[in-house]
Amino acid sequence: MERPGRLLLQSELRVRNAAYDVSLSRSLLIWKRRTSSPVYHPFRPRFCVPLFPRRPDPGVCHSVPVSEIISVREEEEENGSRQRDDGSWKKIREREGKDCRQAFTVLYVERCRQHRWRCAEVTFTCSDEAVCQHWVSSIREQLASNTSRPKHLLVYINPYGGKRQGKRIYEQKVAPLFTQAGISTSVIVTEYANHARDHLKMEAELKKFDGVVCVGGDGMFSEIIHGLIWRTQIDCGVDPNSTEEALSPCSLRIGIIPAGSTDCICFASVGTNDPVTSALHIIVGDSQPLDVCSVHHNNMFLRYSVSLLGYGFYGDVLSDSERKRWMGPARYDFSGLKMFLTHHYYEGTVSYLPAKGIIGTPRDATRCRSGCVICQHNGQLNSERSEKYEMDEASDSESSGEWRTIRGKFLAINAASMSCACPRSPKGLSPAAHLADGTTDLILVRKCSRFNFLRHLLRHTSKDDQFDLTFIEVHRVRRFRFMPRHCQSDSDLELDLHENSKRQIFSQICKDHPACGCAPAYSSWNCDGEILTHTAIDVRVHGQLIKLFARGIEELPVFEDLSNPCAI
Ligand SMILES: Nc1ncnc2c1ncn2[C@@H]1O[C@H](COP(=O)(O)OP(=O)(O)OP(=O)(O)O)[C@@H](O)[C@H]1O
Ligand SMILES: CCCCCCCCCCCCC/C=C/[C@@H](O)[C@H](CO)NC(=O)CCCCC
Ligand SMILES: [Ca+2]
């Protein structure tokens, strides 16, 4: 909790007819109920430190960081009933000689359960109009001096994402908050898939805005990052298709108002998929950097990914579920069960470049949380690396011996660039992955029995470590490649010729008869919920390429009585 610092203003004001000492500094607004004179106790010093600090009575003392004040508005209060100030009412009441007091209302962020934020308000009244106006203008000055808050936003709404509630969620829950906070918006309701991406790429006048907001799910967010990253590279003269060039980071922040089926990016960066919470993070101007993976096939750019790149199980779940969009979010449960029972495995070679010099491993107990020091440390390391990028690229070559290679049969190959926490799996696919450390966690699930695979899957929903199984390995990497077995070199293929020809025949049969239990040769990649058209891919992590209007998941508050300004 911040300490108050130098006071800008201090007055005695009233809140619901009780007297409060109210003070404003650059960092805090504090209101503390005035109590009658303390009873003298001969054995207790006046300013003692309590042996057992107790939480201050919330009805008596409150403090709100100025950075979490949403807005302030003037009101008038007459005999207990409040009116918004439109001037005319005031004059009438003055003429009639009624008891008329000035009031102002402060709207601020209040934390609720499970990382949710709400907009709370408190109304202060005082008899002196000049004092009241001084308070309003001082708070407004403090808010205006905060340069990280957005003033103009470009909003894209997908009316068909998730349960098709995007438009309603924005209009009813988000737009009124933006208006209260004095944020102006240009709203585009998308008319077709990739509308938002193409508008950002080619048309949007980005200079007019302080950020881009998407209302929808992970697919909609993916459209936004594709448009914005592409546009940034073109504006900065970087070839967006290059496999080797360092990409330029995007300066505009992106806000996500969750209205999709999984909302994994929102969940993993805020801790909840609640539209009001996301709107408040946008209003207060939070900023959370995020890693982005670029995916190439034979030096041709395919897509970016920020959450899951999954081959095998998650690729198959997605391919199957796309045909069942009409089922809404339940399609993933249906296809998940079907693909679990189908139990296909895939052969191929994974090569990866382990992340060197970083802090943290995928098996850590520490989690990426607001102000994460691991992201700060590793982010710094990455920016130093990219300064001497060309040297590093030379050392990244296979001949340097840093690449490691694994051949095998896999049920799933997953790369999680963030935890991928979502309501289905609150700790995520890789619970210790970091939002902005410049790495991705490569999880290899080798062929195993259905029973063992189920054990692994169930551990996504329990406290047990999903990687603590003999058929799983996990590596924190900066880059990786995958080559399905049937794309391997001629010499590799010759070795497998006999088996291969048998499988070609069977895989044809198996398309029509999946119950025979024989696996097809290829799966497809699930790239943040989109299916990739190629299976052989080269993936590179670009640390902190984009920024979100978020602050990472906040730790649950630990009450520290002595650091609370109300307790001093
Ligand atoms: N107007 C539109 N008509 C049809 N499709 C659209 C439109 N606008 C966006 N889309 C596409 O809809 C797809 C799904 O959208 P979205 O991500 O919002 O929801 P979802 O798939 O239900 O959620 P999630 O991605 O979290 O699982 C996206 O790939 C996006 O490109
Ligand atoms: C038998 C009980 C098993 C329980 C297992 C639960 C495990 C759930 C893990 C969920 C991981 C989601 C990862 C997120 C991926 C997103 O980028 C993507 C786009 O929204 N979503 C999907 O592909 C949707 C994929 C949904 C898969 C279920
Ligand atoms: Ca990461």
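Residues numbered from 1 in each chain as written. Chains lettered and ligands numbered in written order. Predicted model: local features only at pLDDT ≥ 70, side-chain atom pairs only at ≥ 80, totals over all residues. Heavy atoms only, no water.

- Per an unreviewed UniProt entry, the protein chain goes by the name Ceramide kinase-like isoform X1 and belongs to Pundamilia nyererei.

## Some details on the overall build of the protein chain
Argument step 1. Summing up its helical and strand segments, the protein chain has 14 helices and 22 strands in all.
Argument step 2. Contacts in the protein chain between residues far apart in sequence, at least 24 positions, make up 76% of those at least 6 positions apart.
Argument step 3. Summing over all exposed atoms, the protein chain offers an accessible surface of approximately 27,700 Å²; the carbon and sulfur share of this is 52%. (Helix = DSSP H or I, 4+ residues; strand = E, 2+ residues; numbered from the N terminus. Contact = heavy atoms within 4.5 Å. Areas by Shrake-Rupley, 256 points an atom, 1.4 Å probe, with all protein chains shown as cover.)

## Notes on the coordination of the calcium ion (ligand 3)
Argument step 1. For the calcium ion (ligand 3), the full set of protein donor atoms is Asp 291 (OD), Ser 417 (O), His 434 (O), Asp 437 (OD) and Thr 439 (O), at a range of 2.3 to 2.6 Å.
Argument step 2. One chain supplies every donor to the calcium ion (ligand 3), and in sequence these donors are spaced D-x125-S-x16-H-x2-D-x1-T. Taken together, the residues span a long stretch of sequence, with Asp 291 in strand 13 (residues 288-297) and Ser 417 in the loop between strand 17 (404-416) and strand 18 (440-446) at a distance of 126 residues. Of the two residues examined, Asp 291 and Ser 417, each falls in the buried class. (Donors = N, O, S within 2.8 Å, 3.2 Å for Na, K, Ca; no water. Buried < 20%, exposed > 50% of the residue type's maximum accessible area, 1.4 Å probe, protein only.)

## Some details on helix 9 (residues 331-342)
An α-helix turns once every 3.6 residues. As a result, residues three or four positions apart point the same way.
Argument step 1. Between the first and last C-alpha of helix 9 there are 16 Å, a value that for twelve residues agrees with the 16 Å anticipated at 1.5 Å per step.
Argument step 2. Arg 331, Tyr 332, Ser 335, Gly 336, Met 339, Phe 340 and Thr 342 are the residues of helix 9 that are buried. Taken around the axis of helix 9, the buried residues stretch over an arc of 160°, which confines them to a single face.
Argument step 3. Those residues of helix 9 that are buried are in contact with helix 8 (313-322) and helix 12 (450-458).
Argument step 4. Looking one or two residues beyond helix 9, the residue adopting positive phi is His 343, at roughly 55°. (Expected span 1.5 Å × (residues − 1). Arc of directions from axis to C-beta.)

## Some words on empty space enclosed by the protein
Argument step 1. Taken as a whole and assessed by the stated rule, the structure comprises two cavities of 30 Å³ or more.
Argument step 2. The computed volume of the largest cavity comes to approximately 70 Å³.
Argument step 3. Surrounding the largest cavity, Ile 254, Gly 255, Ile 256, Cys 266, Ser 269, Val 270, Ser 278, His 281, Ile 282, Leu 548, Phe 549 and Ala 550 form its lining.
Argument step 4. Mapped onto the lining of the largest cavity, the elements with two or more residues apiece are strand 12 (253-258), helix 6 (264-270) and helix 7 (275-283).
Argument step 5. Its residues assigned to classes, the lining of the largest cavity comprises eight nonpolar, four polar and no charged.
Argument step 6. One number sums up the size of the second largest cavity: a volume of about 50 Å³.
Argument step 7. What lines the second largest cavity is Phe 313, Asp 316, Met 339, His 343, His 344, Leu 411 and Phe 453.
Argument step 8. The residue inventory of the lining of the second largest cavity, partitioned by class, reads four nonpolar, two polar and one charged. (1 Å grid on protein atoms, 1.4 Å probe; cavity = no way out; pocket = protein on both sides within 12 Å on 5 of 7 lines; lining within 4 Å. Points joined across faces, edges and corners; volume = space filled by probe spheres on them. Nonpolar A, V, L, I, M, F, W, Y, C, P; charged D, E, K, R; others polar.)

## Details of the site of ligand 1
Argument step 1. With respect to spatial proximity, 23 residues lie near ligand 1, and among them Gly 162, Thr 190, Gly 217, Glu 223 and Ser 261 are the closest.
Argument step 2. One of the backbone N or O atoms of Gly 162 is found 2.7 Å from an oxygen atom in ligand 1.
Argument step 3. With respect to ligand 1, the side chain of Arg 325 contributes an N or O atom lying 3.1 Å from an oxygen atom.
Argument step 4. Here ligand 1, which alone exposes 630 Å², has 87% of that area covered by the protein.
Argument step 5. Looking at the shell around ligand 1, the elements that each hand over two or more residues are helix 5 (218-236) and helix 9.
Argument step 6. The biggest single contributor to the shell around ligand 1 is helix 5, with four residues. (Near = heavy atom within 4 Å. Polar contact = N/O pair within 3.5 Å; in protein donor to acceptor, adjacent residues only side chain to side chain.)

## Digging into the packing of helix 9 against helix 12
Argument step 1. The interhelical angle for the contact between helix 9 and helix 12, taken along N-to-C directions, is 145°, at an axis separation of 10 Å. In this structure, helix 9 contributes Phe 340, Leu 341 and Thr 342 to the contact, and helix 12 contributes Arg 450, Phe 453, Leu 454 and Leu 457.
Argument step 2. Across the contact of helix 9 with helix 12, the residue classes tally to five nonpolar, one polar and one charged. (Axes fitted to C-alpha atoms, helices over the stretch in contact; angles between N-to-C directions.)

## So, the environment of Asp 464
Argument step 1. Looking at the secondary structure, you find Asp 464 in the loop between helix 12 and strand 19 (472-484).
Argument step 2. In this structure Asp 464 comes out as partly exposed when scored by relative accessible area, which is 45%.
Argument step 3. The spatial distance from the C-alpha of Asp 464 to the C-alpha of Arg 424 is 16 Å, given a sequence separation of 40 residues.
Argument step 4. In this structure, Asp 464 is in contact with Lys 427 and Arg 459, ignoring residues within four places of it in sequence.

## Topic: the site of ligand 2
Argument step 1. Around ligand 2 sit 18 residues, and of these Asp 218, Thr 262, Ser 307, Asn 526 and Asp 528 come closest.
Argument step 2. The side chain of Asp 218 places a nitrogen or oxygen atom 2.6 Å from an oxygen atom of ligand 2.
Argument step 3. Between Asn 526 and ligand 2, the recorded distance is 2.8 Å, taken from a side-chain N or O atom to an oxygen atom.
Argument step 4. In the complex, 85% of the free accessible area of ligand 2, which totals 700 Å², lies under the protein chains.
Argument step 5. The greatest single-element share of the shell around ligand 2, amounting to three residues, is contributed by helix 12.
Argument step 6. Each residue belonging to the shell around ligand 2 can be placed in one class, and the counts come to nine nonpolar, six polar and three charged.
Argument step 7. Counting the residues that make up the shell around ligand 2, at least three belong to each of domain 2 (147-287 + 549-568) and domain 3 (302-542). (Domains from an automatic or database assignment.)

## Looking at the pairing of strand 15 (residues 308-312)
Argument step 1. Judged by how many residues are buried, strand 15 sits mostly within the fold: five of five residues are covered.
Argument step 2. One ladder, built from five bridges, connects strand 15 with strand 17; its direction is antiparallel. Residue pairing in the sheet places Tyr 311 in a bridge with Ile 413 of strand 17. (Pairing = 2+ DSSP bridges.)

## Considering the environment of Ser 523
Argument step 1. With respect to the helices and strands, Ser 523 occurs in the loop between helix 14 (497-512) and strand 20 (525-527).
Argument step 2. Residue Ser 523 is classed as buried on the basis of its relative accessible area, which comes to 7%.
Argument step 3. At 2.8 Å, the side chain of Ser 523 and the side chain of Asp 316 are in polar contact.

## A word on the pattern of salt bridges
Argument step 1. Tallied over the full model, the rule gives 29 salt bridges.
Argument step 2. Between Asp 333 and Arg 424 there is a salt bridge whose closest N-O contact spans 3.0 Å. Of the two residues, Asp 333 sits in helix 9 while Arg 424 sits in the loop between strand 17 and strand 18, which places them 91 residues apart along the sequence.
Argument step 3. Beyond isolated ion pairs, a larger network of salt bridges with shared partners links Glu 68, Arg 111, Asp 286, Arg 551 and Glu 554. (Salt bridge = Lys/Arg side-chain N within 4 Å of Asp/Glu carboxyl O.)

## A look at the packing of aromatic side chains
Argument step 1. In this structure the tally under the stated criterion is 14 aromatic pairs.
Argument step 2. Taken together, a centroid distance of 5.7 Å and an interplanar angle of 65° make the contact between Tyr 311 and Tyr 346 edge-to-face. Here Tyr 311, found in strand 15, pairs with Tyr 346, found in strand 16 (residues 346-354); they are 35 residues apart in sequence, far enough to count as distant. Each of the two residues, Tyr 311 as well as Tyr 346, counts as buried.
Argument step 3. Here the aromatic rings of Phe 313 and Tyr 314 are separated by 5.0 Å at their centres, their planes lie at 75°, and the arrangement is edge-to-face.
Argument step 4. The exposure class of Phe 313 is buried, given its relative accessible area of 9%. (Phe/Tyr/Trp six-rings, centres within 6.5 Å; stacked < 30°, edge-to-face > 60°.)

## Focus on the UniProt feature "domain: DAGKc" (unreviewed entry) in the protein chain
Argument step 1. The UniProt feature table records "domain: DAGKc" (unreviewed entry) at residues 148-299.
Argument step 2. As annotated, residues 148-299 comprises 39% helix and 22% strand, and the C-alpha atoms at either end are separated by 38 Å. (UniProt positions renumbered as here; feature names shortened; annotations may be inferred.)

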